[in-house]
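Commentary on secondary and tertiary structure
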Amino acid sequence: MNQSDTFANHRLLLYYKGDISALILFAQHGNGSVCFPEPLPALSSALEPEEFKPSKVSTHPAVLVNAINRLLQLDNDLLRVEPEFSEQIDAPGGIITVHMARFMLLDPPHKLMQSRDCRMRTLPELRGRPPAEMELLRRAYTKVM
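Now for a description of the structure that goes with this document. (Residues numbered from 1 in each chain as written. Predicted model: local features only at pLDDT ≥ 70, side-chain atom pairs only at ≥ 80, totals over all residues. Heavy atoms only, no water.)

This part is about the packing of aromatic side chains. Across all of its chains, the model carries 1 aromatic pair by this definition. Aromatic pair Tyr15 and Phe26: ring centres 6.4 Å apart, planes at 40°, arrangement tilted. One end of the pair, Tyr15, is in strand β1 (residues 10-17); the other, Phe26, is in strand β2 (residues 24-29), and 11 residues separate them in sequence. Judged by its relative accessible area of 2%, Tyr15 falls in the buried class. What makes Phe26 buried here is its relative accessible area of 1%. (Phe/Tyr/Trp six-rings, centres within 6.5 Å; stacked < 30°, edge-to-face > 60°. Helix = DSSP H or I, 4+ residues; strand = E, 2+ residues; numbered from the N terminus. Buried < 20%, exposed > 50% of the residue type's maximum accessible area, 1.4 Å probe, protein only.)

Following this line, the structure appears as structure tokens:
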């Protein structure tokens, strides 16, 4: 299975949460999106939980994390799947399921992510993203707090 197959209907949000400070940062791709490995299609919108569609075939989030590790050349123990987070996005090509993974580090991975054309941003710094991404970020923030 190649990367485009793995992520055809899946995306990952990557975040850092400081255990002491409770600082929450989300990874933002050089293209501006918070969805990895690629942005959501234009005209995407977040579904409400009662609208979620059951999936016939499901990709385990760990497969997505492994693919992101390879793509971004990250150590295999750097990201951990957030098992309680799974959101669905209604996109022109069909439903996209978004999972989340946490950076397992004491300090924010600013330099690491900058070296991969990404930035670590606070929620206020991400204002102005498309509505589907903003709703994903809101739900993610609520989940990790």
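Further remarks concern the side chain of Gln88. Looking at the element boundaries, Gln88 is found in strand β4 (residues 79-91). Within the structure, the side chain of Gln88 is placed 2.7 Å from the backbone nitrogen of Lys53, a separation counted as a polar contact. Setting aside anything within four residues of it in sequence, one finds Gln88 in contact with Ala46, Leu47, Phe52, Lys53, Ile95, Ile96 and Thr97. (Polar contact = N/O pair within 3.5 Å; in protein donor to acceptor, adjacent residues only side chain to side chain. Contact = heavy atoms within 4.5 Å.)

This part takes up helix α2 (residues 61-72). Its 12 residues give α2 an end-to-end C-alpha distance of 16 Å, which sits within 8% of 16 Å, the value for a rise of 1.5 Å per residue. Every buried residue belonging to α2 is among Pro61, Leu64, Val65, Ala67, Ile68, Asn69 and Leu72, and all of these are buried. Two residues or fewer past α2, Gln73 is found with a positive phi of approximately 55°. (Expected span 1.5 Å × (residues − 1).)

Fair warning: the whole summary comes from geometry, so function is off the table for now.
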